[in-house]
Amino acid sequence: MDKITGANAVRENLAAASAAVSKRMLVYNAHIRELAYLIVSETLSEDNAYDFELACDGIRSRYNEFVSNGAQASPDMENAEHKVKFCSFVSDFLAERGIYPAEPESFDEIFDGDIRIACFSNRAADRAYGAFARRIPRARQVICDSIAALCEEVADGRCELGMLPIYSSADGFMQNVYRYTVRYALSPVMSVNMQSDGDVYVRYLLFSSLPCLRKNAHTMVLTVASDGKDVSTLPAALGEYGALLEDVTSPLPSAYGDSPAFRFTFSVKGADMAKIRTFLQINHPSFVINGIYEKTETENA
């Protein structure tokens, strides 16, 4: 066989193999879609209204039972690709029934008057406050003397927002600050990186006691309790829905009993949030979306 004939044979074999893979994938997707439709239909009766979380609870129970009963016959049902596709179809079927995850309220609708921002007062914090104040009309500074006092001002409604440093490029993630924001259930709203000496910068976040979205918010902070489950595939799984991992911190002191928890930061610009929420609700129900915040440009000190 000469080289040309051999090369042509290889091309034909590759084309045939590619077609076979494509056909297999079409069949594979069709079966997963059929499974999703069956489980959603069994979970939801036609004449009842369901909220998103209640629907996902029922779907998760039936899906886990199905996977458990068939794991030995088909281990493929437990892989991440199968779960991603299944949740994608489930999200589509829920949408057809008008069942969607709840949307956070608009920042502008919640805060339509003067906005009190609880802050520390020092050289760096004053500069960070100025950076935020230029973007938030009617901002007013309220000085606090501790992290706990600042968080209480926001949680108790005496201030609409609180400003805290959360990360230093020199020292890393500020775990102590984060613990307080979790304890007081505060949600990030906006961030700014303040340039300091040389290449060092400090990231400041504005927090609210009410989950809300600004127009350009697309950075999601997500805390997931492992509960014995592998969360290492989570970034790749959410990536299939358009999210992009930016940062992960582990372990964190958990707000979920004795289970270790992990903090993920994703860019969700252009991502399908309904499918992300469906995947989390079915595969990692012990999760909290701490907030989706707006990143602003780095400010020079």
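Above this note sits the structure.
Residues numbered from 1 in each chain as written. Predicted model: local features only at pLDDT ≥ 70, side-chain atom pairs only at ≥ 80, totals over all residues. Heavy atoms only, no water.

Asker: Honestly, the pairing of strand S3 (residues 139-143) in this entry has me stumped. Any pointers?
Answerer: Along a regular strand, successive side chains alternate from one face of the sheet to the other. With 5 bridges connecting them, strand S2 (residues 115-119) and S3 associate as parallel partners. Along S3, the bridge assignment pairs Ile117 with Gln141. Since S2 and S3 lie parallel, the crossover through helix H5 (residues 123-133) that links them has a hand, and here it is right-handed. (Pairing = 2+ DSSP bridges. Helix = DSSP H or I, 4+ residues; strand = E, 2+ residues; numbered from the N terminus. Right-handed = clockwise from strand over helix to strand, strands pointing away.)

Asker: Just to check I follow, could you spell out the packing of aromatic side chains for this structure?
Answerer: Describing an aromatic ring pair means giving the distance of the ring centres and the angle of the ring planes. Evaluation of the coordinates by the stated rule reveals 7 aromatic pairs. Between Tyr63 and Phe86, the ring centres sit 4.1 Å apart and the planes meet at 20°, which makes this aromatic pair stacked. In this pair, Tyr63 is assigned in helix H2 (residues 52-70) and Phe86 in helix H3 (residues 80-96), connecting sequence segments 23 residues apart. Assessed through its relative accessible area of 2%, Tyr63 is described here as buried. Seen in terms of ring centroids, Tyr241 and Phe279 are 6.2 Å apart; in terms of plane orientation they differ by 65°. Their pairing is edge-to-face. Residue Tyr241 is located in the loop between helix H8 (234-239) and strand S10 (244-252), and its partner Phe279 is located in helix H9 (residues 273-283); the two are separated by 38 residues in the primary sequence. By relative accessible area, which is 3% here, Phe279 ends up buried. The lysine or arginine in question, Arg183, covers the ring of Tyr180, its NZ or CZ lying 4.8 Å from the ring centre. Here the basic side chain of Arg214 rests over the ring of Phe107, its NZ or CZ set 4.9 Å away from the ring centre. (Phe/Tyr/Trp six-rings, centres within 6.5 Å; stacked < 30°, edge-to-face > 60°. Buried < 20%, exposed > 50% of the residue type's maximum accessible area, 1.4 Å probe, protein only. Lys NZ or Arg CZ within 6 Å of the ring centre and 35° of its normal.)

Asker: How do you make sense of the nonpolar core when you look at a structure like this?
Answerer: Membership of the largest hydrophobic core comes to 42 residues, with the highest contact counts inside it found for Phe86, Leu94, Leu222, Leu238 and Ile276. At the level of elements, helix H1 (3-43), H2, H3, strand S9 (219-225), H8, strand S11 (261-267), H9 and strand S12 (287-295) are the ones that each hand at least two residues to this core. Among the elements that take part in this core, H3 stands out by supplying 7 residues, more than any other. Non-local contacts of Leu238, meaning those with residues more than four positions away in its chain, are made with Met220, Leu222, Ala243, Phe266, Ile276 and Phe279. Residues Phe111, Tyr180, Val192 and Cys212 belong to the second largest nonpolar core, which totals 41 residues. (Core = buried A, V, L, I, M, F, W, Y, C linked by side-chain atoms within 4.5 Å. Contact = heavy atoms within 4.5 Å.)

Asker: Can you walk me through the side chain of Thr43 in this structure?
Answerer: Here Thr43 is to be found in helix H1. Judged by relative accessible area, which is 12%, Thr43 ranks as buried. At 2.7 Å, the side chain of Thr43 forms a polar contact with the backbone oxygen of Ile39. Once residues lying within four places of it in the same chain are set aside, the contact partners of Thr43 are Tyr50, Ala55, Gly58, Ile59 and Arg62. (Polar contact = N/O pair within 3.5 Å; in protein donor to acceptor, adjacent residues only side chain to side chain.)

Asker: When you look at the pairing of strand S7 (residues 201-208) in this model, what are you seeing that I'm missing?
Answerer: Within S7, 6 of the 8 residues are buried, which leaves it mostly tucked inside the rest of the structure. Examined bridge by bridge, strand S6 (residues 187-195) and S7 share 8 bridges and lie antiparallel to one another. Looking across to S7, one finds that Met194 is bridged to Val202. Taking the residues between adjacent antiparallel strands as the criterion, S6 and S7 are bridged by 5 residues, where Gly198 takes a positive phi near 60°.

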